[in-house]
Amino acid sequence: MLRSFKRGAAVPCSLTKTYLLMPGRHANIIFCSQGILSVGACLPLGIYFLIYKGNIKEYPHEGTACPTPASEVCGQRHLLAPGQVFRRTIDRGVIPNMIFYGPSGVGKTTVASIIAANSGMRLYKLNGTTASTSDIKSVLGDIGTLNAANGILLYLDEIQYFNKRQQQSLLECVEQGTVTLIASTTENPYFYVYNALLSRCTVFEFKSLTAEDIAEGVKHAAQRLGESDGTPVNIPVDALEYLAQSAGGDMRKALGNLEFAVNAAPVQDGTRLVTLEM
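Residues numbered from 1 in each chain as written. Predicted model: local features only at pLDDT ≥ 70, side-chain atom pairs only at ≥ 80, totals over all residues. Heavy atoms only, no water.

This part takes up the overall build of the protein chain. Across its full length, the protein chain carries 11 helices and 15 strands. In the protein chain, the proportion of contacts linking residues at least 24 apart, taken out of those at least 6 apart, comes to 64%. Total accessible area on the protein chain stands at roughly 14100 Å², and carbon and sulfur atoms take up 51% of it. (Helix = DSSP H or I, 4+ residues; strand = E, 2+ residues; numbered from the N terminus. Contact = heavy atoms within 4.5 Å. Areas by Shrake-Rupley, 256 points an atom, 1.4 Å probe, with all protein chains shown as cover.)

In structure tokens:
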């Protein structure tokens with residue numbers, strides 16, 4: 001028997017006492033009859049929980065540098081600023097079918113993960129460059145099961161690579177509301193998305209990030225990396241500006257460069273110092 005639990009849910013287990021999921025971050029947890037709990041959703045801050053025979057453990061994940069709350073997403077203030085229609089919608093947790101349109105590395109996948117966390121739905125991710133019709137059928141096969149008791153949110157990245165037939169396979173479940181679709185594309189959706197599917201979705205444009213947006217994200221990510229490693233990370237202003245400007249508006253690239261620099265940085269007086277001279 002499988003059951004889904006959300007943030008703050010008490011997890012009954014015949015092998016353990018009742019535990020409250022802490023520290024308050026959203027996690028979709030699947031409880032197996034053997035007493036093992038495994039994570040069933042993306043946790044952008046990289047906190048995975050495993051509860052086994054009464055022991056609660058925390059596991060790091062490679063996505064450590066990514067923010068969780070919408071308020072921590074850098075850029076996209078036209079969508080995510082308090083009071084904006086998009087922000088109010090995702091905060092309510094009632095999610096329409098959407099298409100995110102914008103360049104790479106500007107937060108489309110991160111925002112989709114935040115939406116899934118706030119909605120409590122089971123998140124599935126497919127990429128249009130590699131997914132097939134059978135992959136779609138596999139996701140749709142979970143409709144109405146306990147594995148997706150709170151509904152299914154399908155995040156389809158690079159939807160422009162799906163052909164017309166593949167996009168048509170989503171029409172029925174999207175129209176019936178059994179699957180909520182969030183698709184993303186770097187191309188104009190009005191040219192690349194099947195009209196019948198496009199008419200059932202709301203298009204939101206994600207704009208390129210400024211150097212200031214990226215600098216803010218790099219600063220927060222460096223703090224998290226230092227906290228996870230137990231060694232504070234110090235980035236002087238000139239190094240921070242270089243990381244932000246050299247990323248070309250791509251936060252993913254900036255965070256990758258940051259993690260490389262932090263791993264290579266020498267430890268001096270208990271602090272990792274990232275400089276231009278490294």
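Here the focus is the environment of G75. With respect to the helices and strands, G75 occurs in the loop between β7 (55-59) and α1 (77-80). A relative accessible area of 6% means that G75 is categorised as buried. Remark: the alpha-carbon pair of G75 and F206, spanning 131 residues in sequence, is separated by 9.0 Å. Not counting residues within four places of it along the chain, the set of residues in contact with G75 comprises L80, L209 and D213. (Buried < 20%, exposed > 50% of the residue type's maximum accessible area, 1.4 Å probe, protein only.)

Relative placement of two packed helices is described by the angle separating their axes and the distance separating the axes. At a closest axis distance of 8 Å, the pairing of helix α9 (residues 211-229) and helix α10 (residues 237-246) adopts a crossing angle of 120°. The angle between the axes of α9 and α10 places the two elements in the oblique class. α10 is crossed by α9, and the crossing has right-handed handedness. Across the interface between the two elements, A211, I214, A215, V218 and K219 from α9 touch L240, L243, A244 and Q245 from α10. (Axes fitted to C-alpha atoms, helices over the stretch in contact; angles between N-to-C directions. Parallel < 35°, antiparallel > 145°, perpendicular 65-115°, else oblique. Left-handed = near helix turned anticlockwise from the far one by under 90°.)

With that settled, the discussion passes to the sheet that holds strand β9 (residues 122-127). Taking strand neighbours across the sheet as the criterion, the 5 strands line up as β9-β10-β11-β8-β12 in an open arrangement whose pairing is parallel. Either end of the sheet is taken by a strand with one partner, and the two such strands are β9 and β12 (202-205). The mean angle between the axes of side-by-side strands here comes to 20°, regardless of whether they run parallel or antiparallel. Where strand β10 (residues 152-157) meets strand β11 (residues 179-185), 5 bridges bridge the pair, whose relative direction is parallel. If you follow L156 over to β11, its bridge partner there is A183. Each of β8 (98-101), β9, β10 and β11 is contacted by helix α3 (residues 108-119), which is oriented at about 180° to β10, the strand it contacts most. Packing against the sheet, helix α4 (residues 133-140) makes contact with β9, β10 and β11, and its axis sits at approximately 180° to β9. (Pairing = 2+ DSSP bridges.)

With that settled, consider the environment of K207. Among the secondary structure elements, K207 is positioned in the loop between β12 and α9. Distance in space between the C-alpha atoms of K207 and G249 is 9.5 Å, their sequence separation being 42 residues.

Positive phi, normally seen in glycine, also occurs at Q76, with a value near 55°. Locating Q76 in the fold gives a position in the loop between β7 and α1. The residue D269 is not glycine, and still its phi comes out positive at about 55°.

The next subject is the environment of S228. Positionally, S228 belongs in helix α9. With a relative accessible area of 54%, S228 lands in the exposed category. Polar contacts involving the side chain of S228 include one to the main-chain carbonyl oxygen of L225, which spans 2.9 Å. (Polar contact = N/O pair within 3.5 Å; in protein donor to acceptor, adjacent residues only side chain to side chain.)

Moving on, we come to the packing of aromatic side chains. Under the counting rule described, the total for this entry stands at 3 aromatic pairs. Considering the side-chain rings of F86 and F100, the 6.0 Å spacing of their centres and the 65° angle between planes classify their relative orientation as edge-to-face. Here F86 is found in helix α2 (residues 85-92), whereas its partner F100 is found in strand β8, with 14 residues between them in sequence. Note on accessibility: F86 and F100 belong to one class, buried. With 4.7 Å between their ring centres and 45° between their planes, F100 and F206 make a pair best called tilted. Taken together, the residues span a long stretch of sequence, with F100 in strand β8 and F206 in the loop between β12 and α9 at a distance of 106 residues. On the basis of relative accessible area, F206 is assigned to the buried category, the value being 1%. Three or more aromatic residues link up through ring pairs in this structure, and these residues are F86, F100, F204 and F206. We note R122 situated over the ring of Y124; from NZ or CZ to the ring centre the distance is 5.4 Å. (Phe/Tyr/Trp six-rings, centres within 6.5 Å; stacked < 30°, edge-to-face > 60°. Lys NZ or Arg CZ within 6 Å of the ring centre and 35° of its normal.)

In contact at an axis separation of 10 Å, α9 and helix α11 (residues 251-264) are set at 40° when each is read in the N-to-C sense. By the angle between their directions, the pair α9 and α11 is classed as oblique. Crossing of α9 over α11 shows right-handed handedness. Listed contacts from α11 to D213, I214, G217, V218, A221, A222 and L225 of α9 are M251, A254, L255, L258, E259 and V262.

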